[in-house]
Amino acid sequence: MQDVNGKTAVITGGASGIGLAMAHRFGAAGMNLVLADIEQGALDAAAAELVAAGYPVLAHQFDVRDLDQVRGLETASRERFGNIHVLCNNAGVAAGGAVANPDDIEVWRWTIDIDLWGVIYGCKVFLPAMIDHGDEAHVVNTASMAGLGSAPMMGAYNVSK
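Fair warning: this is a prediction, and the values are worked out from it, not measured in the lab.

How each quantity is defined
Within any chain, residue numbers begin from 1 and follow the written order of that chain's sequence. Restriction of local features to residues with pLDDT of at least 70 applies here, the model being predicted, together with a cutoff of 80 or more for giving and counting side-chain atom pairs; totals for whole chains, interfaces and linings are based on all residues. Side-chain numbers here rest on the full set of heavy atoms in the structure, without hydrogens or water. Here a strand is any run of E in DSSP of at least two residues, a helix any run of H or I of at least four, and the numbering for each starts at the N terminus. Partly exposed describes any residue whose relative accessible area lies between the buried limit of under 20% and the exposed limit of over 50%, with all areas from a 1.4 Å probe on protein chains only and scaled to the type maximum. Two residues form a contact once any of their heavy atoms are found within 4.5 Å. When DSSP finds two or more bridges between two strands, those strands count as paired. An axis is simply a line fitted to the C-alpha atoms; with a helix, the fit covers only the stretch in contact. Between two such axes, the angle follows the N-to-C directions and lies from 0 to 180 degrees. Crossover handedness is defined here as right-handed if the route from the first strand over the helix to the second strand goes clockwise, with the strands pointing away from the viewer. Should the near helix be turned anticlockwise from the far one by less than a right angle, the crossing is left-handed, and should it be turned clockwise, the crossing is right-handed. Residue classes follow a fixed rule: Ala, Val, Leu, Ile, Met, Phe, Trp, Tyr, Cys and Pro count as nonpolar, while Asp, Glu, Lys and Arg count as charged, and any other residue, Gly among them, counts as polar. Whenever a carboxyl oxygen of Asp or Glu lies within 4 Å of a side-chain nitrogen of Lys or Arg, that contact is scored as a salt bridge.

## Some details on the overall build of the protein chain
The secondary structure content of the protein chain amounts to 5 helices and 5 strands. Listed N to C, the secondary structure of the protein chain is β-α-β-α-β-α-β-α-β-α in terms of helices and strands. Each of the 161 residues in the protein chain was classed as buried or not, and the buried ones make up 44%. Within the protein chain, counting contacts between residues at least 6 apart in sequence, those at least 24 apart form 65% of the total.

See the structure below:
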């Protein structure tokens, strides 16, 4: 995508880390920003920072594990800015534990629901309209080296990447 000015980027996990860094870069390039995050305090602070920098921002608190909330994010994004041109499925967590440990099944569920199902939901919900609008569009799914090789004691995270 050569000209991003006036186009819209949706960034999950956008209130901190890689997501916030992407928001700053996209905003500086002239993009509309939809910052989505589960942490309301961090989301408010990030949105204030980006608005102060002069970027158009929609801050949307949500949970990537909830398909209805992902649908709500997509609707709110289109209502505010129109077509979505970049979707960054960036929200993620890193949780560990031994595969054989029977006591950490909820850690596995939490990690996979965020790191894997959050990406699946984002793609399933956003892609149809991104394809239909006919403008160039991109999806960025944040991963890690765990997608290429497994670290010990990081079973749930390794599987989710």
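Structure shown, so let's carry the discussion forward.
## Digging into the sheet that holds strand 5 (residues 138-141)
With respect to topology, 5 strands assemble into an open sheet ordered 3-2-1-4-5, the strand pairing being parallel. The two strands at the open ends of the sheet, each matched to only one other strand, are strand 3 (57-61) and strand 5. Strand-to-strand twist of the sheet, defined as the mean angle between neighbouring strand axes without regard to direction, takes the value 10 degrees. Across 5 bridges, the pairing between strand 2 (residues 32-37) and strand 3 is parallel. When the bridges of strand 3 are listed, Leu35 appears paired with Ala59. Each of strand 2 and strand 3 is contacted by helix 2 (residues 40-52), which is oriented at about 180 degrees to strand 3, the strand it contacts most.

## Topic: the pairing of strand 2
With 6 of 6 residues buried, strand 2 lies mostly within the body of the structure. At this point the chain moves from strand 2, through helix 2, to the parallel strand 3, and the crossover so formed is right-handed.

## Considering the packing of helix 3 (residues 67-81) against helix 4 (residues 105-132)
Two elements in contact, helix 3 and helix 4, have axes separated by 9 Å at closest approach and are oriented at 30 degrees. Helix-helix and strand crossings are classified by hand; for helix 3 and helix 4 the assignment is right-handed. On helix 4, the residues touching Leu67, Val70, Arg71, Leu73, Glu74, Ser77 and Arg78 of helix 3 are Tyr121, Gly122, Val125, Phe126 and Ala129. The class makeup of the residues in the contact of helix 3 with helix 4 is 7 nonpolar, 2 polar and 3 charged.

## Brief notes about the environment of Ile114
Take Ile114: it is sitting in helix 4. Since its relative accessible area comes to 9%, Ile114 is described here as buried. Taking the C-alpha atoms as reference points, Ile114 and Val64, 50 residues apart in sequence, are found 6.1 Å from one another.

## Brief notes about the pattern of salt bridges
This structure, assessed with the given rule, holds 4 salt bridges. Across the pair Asp68 and Arg71 runs a salt bridge whose closest N-O atoms are separated by 3.0 Å. Note that Asp68 and Arg71 are positioned in helix 3 at a spacing of 3 residues, about one turn of the helix. By relative accessible area, which is 43% here, Arg71 ends up partly exposed. Among the ionic pairs, Glu74 bridges to Arg78, the shortest N-O distance being 2.5 Å. You can see Glu74 and its partner Arg78 sitting in helix 3, 4 residues apart, about one turn around the helix.

Everything listed here is a matter of geometry and, on its own, says nothing about what the molecule does.
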